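# Chains, contacts and geometry: an overview
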Amino acid sequence: TGWSTPIFDASVLGANNVRVAMAARAPLAASLTTTDIGGGVFQSTVQAYSSFGDGTPLFSTNLPTTGNVIAGAIGVSDDGTRIVAVVSNASGQQHIRVFSAAGLSLASYDVPASANIRFGATDAQANRLYLGLYNGTCEIYDLTTGVLQHSQSLGGTFESHALSAD
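### What to know about the sheet that holds strand E5 (residues 72-76)
Taken together, four strands build an open sheet; the order of strands is E5-E6-E7-E8 and the sheet is antiparallel. Only two strands of the sheet have a single partner each, and these edge strands are E5 and strand E8 (105-112). Going from strand to strand, the sheet's axes swing by 10 degrees on average, the running direction of each strand aside. One ladder, built from seven bridges, connects strand E7 (residues 93-100) with E8; its direction is antiparallel. Its bridge partner lying in E8, arginine 97 is registered against serine 108.

### Thoughts on the sheet that holds strand E3 (residues 41-50)
Read from one edge to the other, the open sheet built from four strands follows the order E1-E2-E3-E4, with strand pairing classed as antiparallel. If you trace the sheet from one side to the other, it starts and ends with strand E1 (17-22) and strand E4 (59-62), each paired once. Direction aside, the axes of adjacent strands within the sheet are offset by 15 degrees on average. Strand direction decides the pairing type here: E3 and E4, joined by four bridges, are antiparallel.

### Some words on unusual backbone geometry
For alanine 126, which is not a glycine, the phi torsion comes out positive at approximately 60 degrees. Along the polypeptide, alanine 126 turns up in the loop between strand E9 (117-122) and strand E10 (128-133).

### Thoughts on a nonpolar patch on the surface
Together, Val12, Val18 and Val20 line one region of the surface with nonpolar side chains, adding up to about 240 Å² of accessible area. By the element assignment, valine 18 lies in strand E1. When its relative accessible area of 36% is taken as the criterion, valine 18 is described as partly exposed.

### Section: the environment of serine 114
Residue position: serine 114 is located in the loop between E8 and E9. Each C-alpha atom, one on serine 114 and one on threonine 137, is 8.3 Å from the other, the two residues being 23 residues apart in sequence. With near-sequence residues (within four places) excluded, serine 114 lies in contact with Leu133, Asn135, Thr137 and Glu139. Polar contacts involving the side chain of serine 114 include one to the side chain of asparagine 135, which spans 3.0 Å.

Cut-off values and rules
Within each chain, residues carry numbers counting from 1 in the order of the written sequence. Only residues with pLDDT of at least 70 get local features here, since the model is predicted, and only at 80 or more are side-chain atom pairs given and counted; chain-wide, interface and lining totals rely on the full set of residues. Only hydrogens and water are removed before side-chain values are computed, so all heavy atoms of the structure are retained for them. Here, a strand pair is defined by DSSP locating no fewer than two bridges between the strands. Helix and strand definitions follow DSSP, with helices as H or I runs of at least four residues and strands as E runs of at least two, each counted in order from the N terminus. Axes here refer to lines fitted to C-alpha atoms; in helices the fit is confined to the stretch in contact. Angles between the N-to-C directions go from 0 to 180 degrees. Residues enter patches when they are more than 30% accessible in relative terms and free of salt bridges; like-charged ones are connected within 9 Å and nonpolar ones (Val, Leu, Ile, Met, Phe, Trp, Tyr) within 5 Å. Note on areas: these come from Shrake-Rupley sampling with a 1.4 Å probe, and a residue is covered only by the protein chains present in the view. Take a side-chain nitrogen of Lys or Arg and a carboxyl oxygen of Asp or Glu: if they are within 4 Å of each other, that pair is a salt bridge. The classification of residues rests on relative accessible area computed with a 1.4 Å probe and restricted to protein chains. Under 20% of the type maximum is buried, over 50% is exposed, and intermediate values are partly exposed. A contact between two residues is defined here by any heavy atoms of the two lying within 4.5 Å. Identification of polar contacts relies on pairs of N or O atoms within 3.5 Å, with a donor-acceptor requirement for protein atoms, meaning one able to donate a hydrogen and the other able to accept it, and with residues adjacent in sequence counted only if both atoms are side-chain atoms.

See below:
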């Protein structure tokens, strides 16, 4: 069900990496666009869009620069009220940011990282963040406190993990 006609068009000219997420039950999309800002240093930008809009972002904000690392993830709550963005940096940290659909900062956590992000997902309310790391470790964070709830080495690659909606 659906059609191949784009809802809107948004330019990502010059981006090194683009990640997108969509609310399941609301007209909200978000993107995490990573660009080389010079000297091999990367900057990621979070933007939110209404799927009823014309491609003009509802808000746009930059995350901390990440050195030579372009690893990151973005998620949107099912109801479109929360956007979660996370990027790895070259200093061994994950920068986790939680925004409202209007772009207000709801939470900000800088947590130690054992490896860069390979995959990320949120639960339905965007209250928990799952990170799959390049060293084969998975981590789950509580986004209301920033506390690491679970960490486990899976000893290999993982391409198909999901976080339970509840």
